[in-house]
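# Reading the structure
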Amino acid sequence: ERLRAELGPQRPLVLILGPTGSGKSALALPVAKVFRGEIVNCDSVQVYRYFDIGSAKVGVPEREEVPHHLIDICEPGELFTAGDYARRARRVLASIAGWGRLPIVTGGTGFYVRALIHGLFEGPPRDDSLRARFTAAPPPCPTSTCAASPATSARSSSNANRSPKRRRKCWNWS
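All of the points below concern the structure found in this document. Since the model is a prediction, treat every value here as computed from it, not as a measurement. (Residues numbered from 1 in each chain as written. Predicted model: local features only at pLDDT ≥ 70, side-chain atom pairs only at ≥ 80, totals over all residues. Heavy atoms only, no water.)

Take the pairing of strand S4 (residues 102–107) next. Buried residues dominate S4, accounting for six of its six residues. Residues Leu-102, Ile-104 and Thr-106 of S4 are buried on one face, and the alternating residues Pro-103, Val-105 and Gly-107, pointing to the opposite face, are buried as well. Direction of pairing for strand S1 (residues 14–17) relative to S4: parallel, over a ladder of four bridges. Looking across to S4, one finds that Leu-15 is bridged to Val-105. With six bridges joining them, strand S2 (residues 37–42) and S4 adopt parallel strand pairing. Looking at S4, one finds that Val-40 is bridged to Val-105. (Buried < 20%, exposed > 50% of the residue type's maximum accessible area, 1.4 Å probe, protein only. Helix = DSSP H or I, 4+ residues; strand = E, 2+ residues; numbered from the N terminus. Pairing = 2+ DSSP bridges.)

Turning our eyes to something else, we now look at the packing of aromatic side chains. A full pass over the atoms with the stated rule returns three aromatic pairs. When the ring of Tyr-48 is compared with that of Phe-51, the centres are 5.8 Å apart and the planes differ by 35 degrees; the resulting orientation is tilted. Overall, the relative accessible area of 14% leaves Tyr-48 in the buried class. Here the aromatic rings of Phe-80 and Tyr-112 are separated by 6.3 Å at their centres, their planes lie at 70 degrees, and the arrangement is edge-to-face. Residue Phe-80 is found in the loop between strand S3 (68–69) and helix H4 (82–98), and its partner Tyr-112 is found in helix H5 (residues 110–118); the two are separated by 32 residues along the sequence. Taking relative accessible area as the criterion, Phe-80 reaches 10% and is therefore assigned buried. Owing to a relative accessible area of 5%, Tyr-112 belongs among the buried residues under this scheme. (Phe/Tyr/Trp six-rings, centres within 6.5 Å; stacked < 30°, edge-to-face > 60°.)

Turning to the sheet that holds S1, a few remarks are in order. The four strands are arranged S1-S4-S2-S3 in an open sheet whose pairing can be described as parallel. Only two strands of the sheet have a single neighbouring strand rather than two, namely S1 and S3. Sitting on the sheet, helix H2 (residues 24–34) is in contact with S1, S2, S3 and S4, with an inclination near 175 degrees to S4. Those strands touched by H5 are S1, S2 and S4, and its axis lies near 165 degrees from that of S1. (Contact = heavy atoms within 4.5 Å. Axes fitted to C-alpha atoms, helices over the stretch in contact; angles between N-to-C directions.)

Residues Val-40, Phe-80, Tyr-85, Leu-93 and Val-105 are the most contacted members of the largest nonpolar core, which totals 24 residues. Looking at this core, the elements with two or more residues in it are helix H1 (2–7), S2, H4 and H5. For this core, the element with the highest residue contribution is H4, accounting for seven residues. Not counting the four nearest positions on each side in its chain, Val-105 is found in contact with Leu-13, Val-14, Leu-15, Ile-16, Leu-17, Val-40, Cys-42, Tyr-85, Leu-93 and Leu-116. (Core = buried A, V, L, I, M, F, W, Y, C linked by side-chain atoms within 4.5 Å.)

Here you go:
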């Protein structure tokens, strides 16, 4: 796997994963203390500053006991993707392993875990102009898209006008 190739086959890596409030941090802290580990956050909310309530973010005292990484690294409203997470986490994991310490990935964001372990597909970068086009209110569906049947055309046009998703599909196909 990609991550194993980057860390090296002999480097141990611990993953403690689960939903919010399931006790991941309560398990990760003693594991890190016993095995000279450092904790790498894998929660899409905990990367943001000020999002302490509702994210079960580990408190400052616990973070002072054991080094924690990738917590409070973004401002609210800042874009931080799974790809960004994977790139930063791989660098952090390599550093921790290079220091002879045990990296412990702890969190509950499955897409971050997947991006970290398996990588993401190689595709085009984010296109903000395309995103803006998809979020803009499209015009009503033209009846010509269903010209084969006037009854279908009338029904399709009226249904499409009730649902923004349907209008977008129709708009992009016309």
